[in-house]
Every structure is written in C-alpha cells, then in structure tokens.
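Secondary and tertiary structure notes
Take a look at the letters that make up each chain.
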Amino acid sequence: MSSSTATTRARDHLGVTRLTGRALTSWLHGLPGVDRVGCDARAAALGTRSIKTTAKAWAIDTAISMVDLTTLEGADTHGKVRSLCAKARVPDPSDPSTPQVAAVCVYNDLVPVAIDALRGTDIHVAAVATAFPSGRASLQVKLADTRDAVQAGAHEIDMVIDRGAFLSGRYLDVFDEIAAIKGACDRPESEGGPAHLKVILETGELATYDNVRRASFLAMLAGADFIKTSTGKVSPAATLPVTLIMLEAVRDWRDQTGEMIGVKPAGGIRTSKDAIKYLVTVSETAGEDWLDPARFRFGASSLLNDLILQRHKLRTGAYSGADYVTID
Amino acid sequence: MTFTYAPAPESRAIVDLRPSYGLFIGGEFVESDGGGHFKSISPATEEVLAEVTEASAADVDRAVRAARKAYAGPWGRLSGAERGKYLFRIARILQERAREFAVLETLDNGKPIKESRDVDIPTAAAHFFYHAGWADKLDYAGLSTPQGGSPKPLGVVGQVIPWNFPLLMLAWKIAPALATGNTVVLKPAETTPLTALLFAEVCQQADLPPGVVNIVTGAGATGQALVEHEGVDKIAFTGSTAVGKAIARSIAGTRKRATLELGGKAANIVFDDAAIDQAVEGIVNGIFFNQGHVCCAGSRLLVQESVADDVVSRLKRRLTTLRVGDPLDKNTDVGAINSAAQLQRIRDLVEVGEAEGAIRWSPPCDLPDRGFWFAPTVFTDVSQTHRIAQEEVFGPVLSVLTFRTPQEAVARANNTPYGLSAGIWTEKGSRILWMADQLRAGVVWANTFNRFDPTSPFGGYKESGYGREGGRHGLEAYLTTGATR
C-alpha cells in the first residue's frame, strides 16, 4: 500500500475531503475515553481466571506458537542469532511435539543470518527498523533502514512511532511516517510479497490510556498490520491493561472496517502464568478469531523457557528445573 | 481457535458442617425450647447442607435476656479499648478462616466463589477492623452530648439480615453494634443461616463474653418475635421494603429505635461522553454481580439516546462471555438464584415485562438441570410505566431506558419510590457533581458501581429506608448522643 493509498483510505474512513492534522485530531479526540481505574480493574479481573489441566496445556502450546523469540542487544552476534534460530526450530529437544515459535525478532543487520538459519521452516524473521528503539532519525534514514531489512528478506517489520510527534499533537506526521514505512514494506510477490508491518506504540512513553487508544487507532488508520505495545527498552513495557485497550481497539476497528489487525504485547512477559492471562484477555475481549499467531504475538525472550518448563510439569507432574531447558 | 476453560472447582473439604445446629445463646449452642427445625439447602444443587433450628418466641426471649445480662454485666463495663481488642480478634479470625467462610457462603447462598472469596469475606473482615478502630475513639466521632458527655450505647439490639450477603450483612450489623458497646441478638435469613452459625464459632474462638452476640435462626415468625420483644432497645433491619414497613408499624409508639435498609431500583446513568468500555463493565457489575441479588443493584440502565444502540450492542457482546454455572468453579461469573421462591418472583416479573411489550434478550447459556437458575436478561424498549422499570426484581434482569438531557436523566432516575443508589458515567467532572447533588439516592457512584467500603456510609432515601451503616455516620445508629435526640 503506497502512502497516497493510505491517505485516500483514511479520508474515506474519516469522511473528509482532505486529510489534515485537524481532521485527525478531531477524529482521535472523539474516540471514547478510557477510565484508568475501570480498565485496571477489568484487567485484574481477567487475571483471576483459573486455567487448569487441559485448558492450561492448550494455552501453553498456543502461547509457544505465538512467541516472537527476540534478541535486541548491541552485543548480538551471528552465533547468538543462529543459536536463537535453532531454539525457535526446536524449542524443546526432549519433546518433539513442542510447537515451533511464530518468528525470530532481530536487528535488521542480522536478518540475513536469521533467514539462512530458518530456511525450510515456517518461522518468520522480524526486523526492528526505523531507528529502533528511540525512533529519533530522519524519515530518509528510517525508510532506508526499513528497505534494507525488506530487501534482506525480513517477513515482518517492527517499526516505532515518533512519540515526540504524537505527544505534541502532530498526528499527521505520525500518520505520514507510518504510511511511508508501510510503503517501504512493499515487495514483489515473486520475492515473498510485502512485509507485514508491526507498529510499536511504546505505550510506556505515551503514559495515558487515552493516548494508547488514540495511538492504536492512528496506527491502524495508517496501515499497521499489527499494533505492538513496546520496544522492551522502556519501562513499563507491556502491561495487561494496555494490551486490553489495544485488543478493544482492534475489535472495534473490525466492527468499523472489517479488517483484522494483530496485537503484540512485548517486553516484561516472562512467565507462563502471565502469558495465560494475556490469552484469557484476548479470548474474552477480541474473541477467538485473535487466538491465532497471525493475530496475536508475544514479544519475549525468557518467556519461552518458562512455557517449556510448565509443559514439562504438565507432562510429567514434576518441575524439571532450569538446567533441563536450553539457554539460547 | 477456541479457548475452553477446564473446570476449576474450589474444594469444599475445608468446610466441616455438622448435620444439625442449635441456637447460639449465651455463648453456647443450645437446643430450642419448643421450636422446630428446617433444612438449609444449596441452591445450586438442592442438596441438603444441614438442619437448622427454628427459634421459638421462648428462644428469642432467652436470647434477649442473655444479651441484656451481658450488657449489664461484663460487656457494658468494658472500656472501648478492650471492646476494640475483641473486634480486632474477630477480624483476624475471619481473615484466617476466609477460605472456609467463602466456600460455605457459596454453598449456602449460591453466589460464585470468586465473589465470596474476593468481596464478601474480605469486606466483612474489613468492617470488623474498621469498627475495632472506632471502639476507643467514640468521644471524637462528633456525637457527644451538648454538655460534652460521651455518647452512650443503646442496650440490646435486635438485628434481622437478608440472604444476599449473609456474612457481610452480619458484619455490617454486628461490628458497629459491638464497637459502640451494645449487645446483639441477630437473626440470619432462613435460606442462608450457615455462615452466621460459623460466625458463632468465631465468637467462641475469640473468647467473646457470653451473651454479647446471640444468633437465633428461623423465618419470619422468629424475626417478628425479635422485633416485638419488649427487651430490645433498637432494631436494625436489612431486607424488603414491605417487611421494613411492617417493622416500622410494629414498633411505632415504643421506645425502640430503628434503622431500615430496604429495597432499591437504582438508575445507572450513562452519558454519551462516558468511557464506553468501562461503562459496559460497570453496567455488568451493577446488575449481574451476585445474580442481581443486591438492594443497590443498577437494575435500570438509563443511557443517553445518542449512544444507546452502541452501548446496548457492546453490552450484549460482553454478556456472551459471562459464565453461568457451578458457583464453586473459580471461573463462574453468575451463580444460582438463592431460592425457588425468589426464582419464581423473577420469572413472574420477567413474564410481566414481556407482556408489557419490552423486548427480552439473554445470551445463549446452558443452565444446570438441578438447582435454581436464571439466565442474565436484558430488557430493551422499556418505558417508565412498565412494572420492570418500577419494581425491584432482585435478580439478574436489566431494564434499559433512554434519556435525552441531564435534566431528563435526573427526573427519570428519581421517579421511583426508592432511593438507595445511583451510578453516573461521564468523563465530565462538573456533571458528576451536579448529578450527585440532584439524585435522591443514598449512594451515588461515579464511573464505578457496587463498591463497598466500611468507611463510607450506606443507606437510603425515601422507601429505601433510613439510617446509615458504615463510616462515622453509621455509629450514630447505635448511640444515644443527646446532640441529636
């Protein structure tokens, strides 16, 4: 989708003849507010669901299949990425029935390494782009960053929005940038088709729940395939209430447009117990159509091993311990 | 893909029920003098849980005498600080035995375990903690006589409580009565006597002096004997408006004081600028919490016409995720109706609603074969003249009405003989304050609903009763102050 197509589509959705900052502002500020106390209470209530036995087994396997196994360190090496890809292929060598993860997420210079290591699997390679994590670079640099990853074969691009522009109310700048990056994700079908665009809102910097809802709608309007909570570099990263708001947003967006946009909480989800709370929230908010790796992902690194440990526990009745899962 | 929750039942092994119970009078369980017995059943399965004594007038007399003796004797002479120690002890025991109380409450009442576990029992303990703190500070409650004398207890208090929050209503009644130095004869509802009898054991465990708390089980006749007993100085009643009026009539012209906490038909008012998703949660919590067996339930949804369709469609979608069934399952949201009689009343009124032309809707849900069950129900196209918009259903039944302006919302909300509670949903702070000032309701919640806290006074306007429970105001109902009398 080119950036002018995004603008046309946005104009139609807003019912305006010209997409201006003012038009975007009145649309976003016209969205229903989010009451923080009520939203936190609802998320906490969803977190009290008791998921046992068969339901737990299903949830653990589903969560594993939704993991974007991530390494985003300055110290990343080819060896580290190859090791992570091996883990993605075979999360648990002691049990081949363990599902594979959805994707491996790396910085964009390491995309070729990951592509090579995952050849022959259905596991996607996701690259963070657009001057991740701060997003503080010119549009030209961000576009080049994105094209680089797309040309290297990344299936998915995780971009960051310009939080400075968003917080100062320059919604049109945020929109234009997302639309432009979406354009840079284009790729001929012969080379695998366009890369999927995940738009990172960095909700920890947006601070208010109203902002989370507005940023979610803005990203969807501009062409996001996924909306993602966080880079993992800012605290707080993913929280259950913020994910709840984003799930409400994609649910409402489908009501309005028929399009289904994915949601990816990322950062800070480390235990199976937490992952199951997220799946409960997906199921009871957006509904079962989102219980699919094409619609919901976990951006995580240590979560996978806890899921595997809990899987052992369900299978054998006893906890195996950290030495029985591999560190990659 | 579908996420199917496996059964997650709470174990009932922690509850050790005796086959039959006597009356708790003078610090011990005693046999009745001429009274009969009745069975307490689980409304979810109709299984008999225990046999309970129906206290006779002679039993009530014994209980009142025991309470008088304790008032004249050890309890009346204790300092506030000493009374406070007992209350703190009871509060801690309730917390220690919370799971036992929660499971028993759910068995006897039919409410979901998550509600008894997360709301009823913790809030009951909180009432004892709160009032324990007041016991030695009554001189500073602003209730002293004009000459500066300390406020004094009333004496023996007769308390009659309902079946919707059995232990919590007990705590609302007993904690302030004891903190202020009164003694108590309490009659729990006939369908839910078991947690009150377990509480009697807590009184023994706490070494509460004999006769300070007496518990007489029974039905209406037992309650009447208690209300009419000449040895009682004050009546505290929570229940239906019809019974409340009868009590007020029967004690007219006597020295007895009374506080009555009666029915309600609360309006939950949603404006077009409300935080819609949270408002929908508030609507659900307002009417489907505790199967709608809540006197302050938000049983009338008043929604601004410009957002009515959106709110109702979101509400319906949300209701399809409610889990109705086994109250002991930790994932159950809506449990059993408390009794066959209550189920019949709900059915009757719902039939009336349909006959009056309102549109009835329920989410698809499989109800168990045994026990008393009613699916969450929403009526749309309801008019102010419909009986379902006027009468208290006391069940999981919501009537949806619309309004155009804030003035109309206030007029409709107040257009009922009741006045217990109301809810306002708007992002506009000034409107919340204006509405709260206009609404004739004892409790007005803003952007929330059905929140209870011991520090906050609770009670009604109009036919929802008089007197307040909780907070500093609640103490006044159990003290003679000179300042006000």
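For every chain, the first residue of the written sequence is number 1, and numbering continues from 1 onward in sequence order. Chain labels run from A onward and ligand labels from 1 onward, assigned in the order the entries are written. For a predicted model such as this one, the threshold for reporting local features is a pLDDT of at least 70, and the threshold for listing and counting side-chain atom pairs is 80 or more; totals across whole chains, interfaces and linings nevertheless cover every residue.

**Some points on the overall build of chain A**
The secondary structure listing takes helices from DSSP runs of H or I that are at least 4 residues long and strands from runs of E that are at least 2 residues long, numbered from the N terminus. A count of helical and extended segments in chain A gives 14 helices and 8 strands. The reference for a compact globule is 2.2 Å times residues^0.38; the radius of gyration itself is calculated from the C-alpha atoms. Taking 2.2 N^0.38 as the reference for a compact globule, 328 residues should give roughly 20 Å; the C-alpha atoms of chain A span a radius of gyration of 19 Å, in line with that estimate. Reported as C-alpha extents along the three principal axes, the dimensions of chain A are approximately 60 × 45 × 30 Å. Whether two residues are in contact depends on their C-beta atoms, placed from the backbone: they are in contact if these lie within 7 Å. Of the contacts formed within chain A by residues at least 6 apart in sequence, a portion of 73% connects residues at least 24 apart.

**Focus on the overall build of chain B**
Counting its secondary structure elements, chain B contains 16 helices and 20 strands. At 22 Å, chain B has a C-alpha radius of gyration in line with the 23 Å of a compact globule built from 485 residues. Reported as C-alpha extents along the three principal axes, the dimensions of chain B are approximately 65 × 55 × 40 Å. Backbone-placed C-beta atoms define the burial measure: a residue is buried with 20 or more other C-beta atoms within 10 Å of its own, exposed with 12 or fewer, and partly exposed in between. By residue count, 56% of the 485 residues in chain B fall in the buried class. When contacts within chain B are restricted to residue pairs at least 6 apart in sequence, those whose partners lie at least 24 apart make up 72%.

**Concerning the nonpolar core**
The biggest cluster of nonpolar side chains holds 173 residues, and the ones touching the most others in it are V67, V104, A114, V199 and A219 of chain A. Looking at this core, the element that brings in the most residues is helix α12 (residues 240-257) of chain A, giving 9 residues. Ranked by size, the runner-up nonpolar core spans 88 residues in total, among them V157, L168, I174 and A177 of chain B. A set of buried Ala, Val, Leu, Ile, Met, Phe, Trp, Tyr and Cys residues, joined through C-beta atoms within 7 Å, is what we mean by a nonpolar core.

**Observations concerning the packing of helix α4 (residues 53-65) of chain A against helix α14 (residues 303-316) of chain A**
Residue and element names in this part refer to chain A. Viewed as axis vectors pointing N to C, α4 and α14 meet at an angle of 150°, and their least axial separation amounts to 10 Å. On the basis of their axis angle, the class for α4 and α14 is roughly antiparallel. In this structure, α4 meets α14 at a crossing whose hand is left-handed. Across from K56, A57, I60, A63 and I64 in α4, the residues of α14 making contact are L304, L307, Q310, R311 and L314. The class makeup of the residues in the contact of α4 with α14 is 7 nonpolar, 1 polar and 2 charged. Angles shown run from 0 to 180 degrees and are taken between the N-to-C directions of axes, each axis being a line fitted to C-alpha atoms and, for helices, limited to the stretch in contact. Working definition: roughly parallel below 35 degrees, roughly antiparallel above 145 degrees, roughly perpendicular at 65 to 115 degrees, and oblique for all remaining angles. Take the far helix as your reference; a near helix turned counterclockwise from it by less than a right angle gives a left-handed crossing, and one turned clockwise gives a right-handed crossing. Asp, Glu, Lys and Arg are counted as charged, while Ala, Val, Leu, Ile, Met, Phe, Trp, Tyr, Cys and Pro are counted as nonpolar; the rest, among them Gly, fall into the polar class.

**What to know about the sheet that holds strand β18 (residues 443-446) of chain B**
Residue and element names in this part refer to chain B. The sheet built from 7 strands is open, its strands ordered β14-β15-β16-β13-β12-β17-β18 with mixed pairing. Since the sheet does not close on itself, it has two edges, and those belong to β14 (359-361) and β18, each with one partner. Sheet twist, expressed as the mean angle between neighbouring strand axes with direction ignored, is 20°. In the sheet, strand β12 (residues 267-270) pairs with strand β17 (residues 421-425) via 4 bridges, with the strands oriented parallel. Following the sheet pairing, I269 is matched in β17 by I424. Where helix α12 (residues 340-355) meets the sheet, its contacts fall on β14, β15 (377-380) and β16 (397-403), and the angle it forms with β14 comes to roughly 135°. In this analysis, strands are considered paired if DSSP registers two or more bridges between them.

**Comments concerning the domain arrangement of chain B**
Residues and elements named next belong to chain B. Once the domains are mapped, chain B shows domain 1 (20-262 + 463-480) and domain 2 (267-454). Taking only C-alpha atoms, the centre of domain 1 and the centre of domain 2 are 29 Å apart. Facing the 23 residues of domain 1 at the interface are 27 residues of domain 2. Elements represented by at least two residues in the side of domain 1 that touches domain 2 include exactly α4 (98-109) and α5 (113-134). In terms of residue class, the side of domain 1 that touches domain 2 is built from 7 nonpolar, 10 polar and 6 charged. By convention here, the domain bounds are inherited from an automatic or database domain assignment.

**Here we look at the sheet that holds strand β2 (residues 103-107) of chain A**
All names here are of chain A. Pairing in this open sheet of 8 strands is parallel, and the strands run β7-β6-β5-β4-β3-β2-β1-β8 from one edge to the other. In the strand order of this sheet, the two ends are held by β7 (262-264) and β8 (298-300), each with one partner. Taking each pair of neighbouring strands and ignoring which way they run, the sheet shows an average axis angle of 25°. When strand β3 (residues 124-128) meets strand β4 (residues 156-160), the two strands line up parallel, connected through 3 bridges. Residue A126 lies in a different strand from β4, and its bridge partner there is E156.

**As for the environment of P210 of chain B**
Locating P210 of chain B in the fold gives a position in the loop between α7 (194-205) and β9 (213-215). It is 7.8 Å that separates the C-alpha atoms of P210 of chain B and A66 of chain B, two residues lying 144 residues apart in sequence.

**So, the environment of T130 of chain A**
Residue and element names in this part refer to chain A. For T130, the location among the structural elements is in the loop between β3 and α7 (139-151). Along the chain, T130 and I181 lie 51 residues apart, while their C-alpha atoms are 8.2 Å from each other. With residues near it in sequence (within four places) discarded, T130 still touches G135, K142, D145, T146, M159, V160 and I181.

**Structural notes on the packing of helix α3 (residues 36-46) of chain A against helix α10 (residues 276-288) of chain B**
The interhelical angle for the contact between α3 of chain A and α10 of chain B, taken along N-to-C directions, is 60°, at an axis separation of 9 Å. With respect to their mutual orientation, α3 of chain A and α10 of chain B come out oblique. Where α3 of chain A crosses over α10 of chain B, the handedness of that crossing is left-handed. Contacts from G38, C39 and R42 of chain A in α3 of chain A reach Q278, E281 and G282 of chain B in α10 of chain B.

**So, the pairing of β4 of chain A**
All names here are of chain A. In terms of burial, β4 is a largely internal element, 5 of the 5 residues being buried. Side chains E156, D158 and V160 project from β4 onto one buried face, and the interleaved I157 and M159 project onto a second face that is buried too. Assignment of crossover handedness uses the view with strands pointing away from the viewer, where a clockwise path from the first strand over the helix to the second indicates a right-handed crossover. Traced from β3 through α7 to β4, the parallel crossover comes out right-handed.

**Digging into unusual backbone geometry**
Cis geometry marks the peptide bond from F132 of chain A to P133 of chain A; its omega dihedral reads 0°. Structurally, the position occupied by P133 of chain A is in the loop between β3 and α7. Omega for the bond connecting S235 of chain A with P236 of chain A falls within 30 degrees of zero, at 0°, which places this linkage in the cis form. Among the secondary structure elements, P236 of chain A is positioned in the loop between β6 (226-228) and α12. Non-glycine residue T130 of chain A carries a positive phi angle of around 60°. Judged by local crowding, T130 of chain A falls into the buried class, with 31 C-beta atoms found within 10 Å. Phi is positive for Q291 of chain B, close to 55°, though the residue is something other than glycine. Mapped onto the elements of the fold, Q291 of chain B is located in the loop between α10 and β13 (300-304).

**A look at the pairing of strand β4 (residues 37-41) of chain B**
All names here are of chain B. Summarising the sheet, β4 and strand β5 (residues 48-53) pair through 5 bridges and their orientation is antiparallel. Bridge pairing links S40 to A50 in β5. Here β4 hands over to β5 after 6 residues, with E46 in that stretch at a positive phi of 65°.

**Some words on the interface of chain B and chain A**
Taken together, the 20 residues of chain B in the interface contact 25 residues of chain A. Ranked by residues supplied to the side of chain B that touches chain A, first place goes to α10 of chain B with 5 residues. When the residues that make up the side of chain B that touches chain A are grouped by side-chain class, the tally is 7 nonpolar, 8 polar and 5 charged.

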